[in-house]
Amino acid sequence: MSSGNESCLFENGSINFLSCLVHVWEEWAGLGKLEDFLSFLEYLVWVFTPLAVVFILPFLIVIFLYLSILFLHVYKRKIQLREAYSNNLWDGARKTLATLWDGHGAIWHGYEIHGLEKIPDEGPALIVYYHGAIPIDYYYFLASLIIQKGRTCHSVADHFLFKVPGFKLLLEVFSVIHGPQEECVKALRNGHLLGISPGGVREALFSDETYPLIWGKRKGFAQVAIDSKVPVIPMFTQNLREGFRSLGTLRFYRWVYERFRLPIAPIYGGFPVKFRTYLGDPIPYDPKLNAAELAEKVQQAVQALIDKHQKIPGNVLRALLERFQREHKED
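## Describing the environment of Gly216
Tracing the backbone through its elements, the reader meets Gly216 in the loop between helix H8 (200-206) and helix H9 (220-228). On the basis of relative accessibility, which here comes to 67%, the residue Gly216 falls in the exposed class.

## Looking at the environment of Tyr75
By the secondary structure assignment, Tyr75 is in helix H3 (residues 34-78). A sequence separation of 15 residues divides Tyr75 from Trp90, and the C-alpha atoms of the two residues are 8.5 Å apart.

## Some points on the pattern of salt bridges
Inspection of every chain in the model, using the stated rule, returns 10 salt bridges. Here Arg261 makes a salt bridge to Glu258, at a shortest N to O gap of 3.4 Å. Overall, Arg261 belongs to the partly exposed group, its relative accessible area being 46%. Note that Arg276 is salt-bridged to Glu322, the shortest N-O span being 3.3 Å. One end of the pair, Arg276, is in strand S9 (residues 276-279); the other, Glu322, is in the segment after helix H13 (316-321), and 46 residues separate them in sequence. Assessed through its relative accessible area of 2%, Arg276 is described here as buried. With relative accessibility at 9%, the residue Glu322 sits in the buried group. Each of Glu112, Lys274, Arg276 and Glu322 takes part in salt bridges that share partners, so that together they form one network.

## Some words on the packing of aromatic side chains
Taken as a whole and assessed by the stated rule, the structure comprises 13 aromatic pairs. Consider the rings of Phe206 and Tyr257, whose centres lie 5.7 Å apart with planes at 65°: the pair is edge-to-face. Placement of Phe206 in helix H8 and of Tyr257 in helix H11 (residues 251-260) is noted, with a sequence separation of 51 residues between them. The buried category is assigned to Phe206, whose relative accessible area is 6%. In this structure Tyr257 comes out as buried when scored by relative accessible area, which is 6%. Each ring, one from Trp215 and one from Phe221, has its centre 5.6 Å from the other, and the planes form 80°; the classification is edge-to-face. The same class applies to Trp215 as to Phe221, namely buried. Within the aromatic cluster, the residues linked to one another by ring pairs are Phe64, Trp101, Tyr111, Tyr139 and Tyr140. The ring of Phe206 is capped by Arg254, whose NZ or CZ atom sits 4.3 Å from the centre of that ring.

## A look at helix H4 (residues 91-109)
Between its first and last C-alpha atoms H4 spans 26 Å; for 19 residues at 1.5 Å apiece the expected length is 27 Å, and the two agree. All of the buried residues along H4 are Ala93, Arg94, Leu97, Ala98, Trp101, Gly105 and His109. Seen along its axis, H4 keeps its buried residues to an arc of 130°; they face one direction. Just past H4, the residue Gly110 takes up positive phi, approximately 50°.

## A few points about empty space enclosed by the protein
Take a probe with the size of a water molecule and roll it over the atoms, and the empty space left behind shows itself. Following the criterion strictly, the structure yields 1 cavity of 30 Å³ or more and no others. When its volume is computed, the largest cavity comes out at roughly 50 Å³. Taken together, Ala225, Ile226, Val230, Val232, Ile283, Pro284, Tyr285, Asp286, Leu289 and Leu294 make up the lining of the largest cavity. When its residues are assigned to classes, the lining of the largest cavity shows 9 nonpolar, no polar and 1 charged.

## Some words on the pairing of strand S2 (residues 125-129)
The two faces of the sheet receive side chains in turn, since in a regular strand these alternate between them. With 5 of its 5 residues buried, S2 lies for the most part within the structure. A two-sided burial pattern is seen for S2, the buried positions comprising Ala125, Ile127 and Tyr129 on one face and Leu126 and Val128 on the other. Two elements, S2 and strand S5 (residues 193-196), share 4 bridges in a ladder whose sense is parallel. Bridge assignment links Ile127 to a residue of S5, and that residue is Gly195. Where S2 meets strand S6 (residues 232-238), 4 bridges bridge the pair, whose relative direction is parallel. Its bridge partner lying in S6, Leu126 is registered against Val232.

Conventions used here
- Residues numbered from 1 in each chain as written.
- Predicted model: local features only at pLDDT ≥ 70, side-chain atom pairs only at ≥ 80, totals over all residues.
- Heavy atoms only, no water.
- Helix = DSSP H or I, 4+ residues; strand = E, 2+ residues; numbered from the N terminus.
- Buried < 20%, exposed > 50% of the residue type's maximum accessible area, 1.4 Å probe, protein only.
- Salt bridge = Lys/Arg side-chain N within 4 Å of Asp/Glu carboxyl O.
- Phe/Tyr/Trp six-rings, centres within 6.5 Å; stacked < 30°, edge-to-face > 60°.
- Lys NZ or Arg CZ within 6 Å of the ring centre and 35° of its normal.
- Expected span 1.5 Å × (residues − 1).
- Arc of directions from axis to C-beta.
- 1 Å grid on protein atoms, 1.4 Å probe; cavity = no way out; pocket = protein on both sides within 12 Å on 5 of 7 lines; lining within 4 Å.
- Points joined across faces, edges and corners; volume = space filled by probe spheres on them.
- Nonpolar A, V, L, I, M, F, W, Y, C, P; charged D, E, K, R; others polar.
- Pairing = 2+ DSSP bridges.

Here it is in structure tokens:
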């Protein structure tokens with residue numbers, strides 16, 4: 001390297017001297033490959049940015065939930081002086097949050113709900129629904145129920161949700177319980193609506209774009225309906241799996257959940273696809289049916305909604321294009 005550099009240094013004076021010094025410094029520092037490195041880096045950003053976006057969007061939903069919790073805490077402080085004079089301390093908070101979620105659904109998913117008239121204006125009913133990777137459709141349903149019907153709905157959630165830091169207040173305000181049959185029966189006998197997904201976390205993580213119901217042999221929800229003597233209303237949301245999807249179909253995540261009950265399967269998506277929630281005809285209380293028979297009948301009713309309103313397998317692009325349909329003919 002020295003002989004080549006010496007001839008370069010004394011060739012054309014100071015200008016060549018400086019250019020050669022720069023050349024030597026670039027070779028010594030490895031800057032000759034910098035352009036190639038930046039090009040490779042740009043390629044990596046181009047490849048992984050879409051992947052990062054679809055995994056980040058689900059976390060935005062969690063952030064929105066925490067913002068809801070923050071609002072409740074602020075609201076609680078604001079009305080402390082009026083607490084003794086109010087019988088519905090959280091009614092204003094619920095309606096405000098319902099308005100926020102309803103707006104989110106309308107803007108991001110063009111959310112529609114069909115059959116809300118099948119929910120009784122008063123009195124109990126058990127609402128049984130298909131569980132998406134993130135049950136955001138159920139949040140929209142609760143918001144519509146509060147805004148259009150003026151009713152709240154008690155909900156059954158998995159135990160792990162009660163262990164999430166900061167969620168306690170949100171769960172209390174919206175009457176979420178972890179699901180003992182006695183508590184469910186008590187809520188219904190007190191005249192409340194109650195929402196439950198028999199598939200639960202397992203269905204959320206391990207169902208896919210073919211929309212299989214993963215209920216197993218669960219019939220506790222049916223026994224609750226029988227003990228409470230209430231009708232059961234099936235519910236399903238079109239394109240739910242196209243909004244958010246789970247990697248739970250990979251064997252590792254299934255094994256971890258079955259072995260340790262840890263729902264760690266990554267969820268991705270947040271695509272602004274069209275959401276339509278459909279409520280089926282109520283299944284009236286029938287003293288002749290036992291829990292197993294009623295559970296089978298309800299499962300068939302939810303499956304019928306899937307068969308009628310969902311194209312299988314689900315397709316994200318098709319669901320996105322449905323946002324641009326001017327009219328939707330109700331079946």
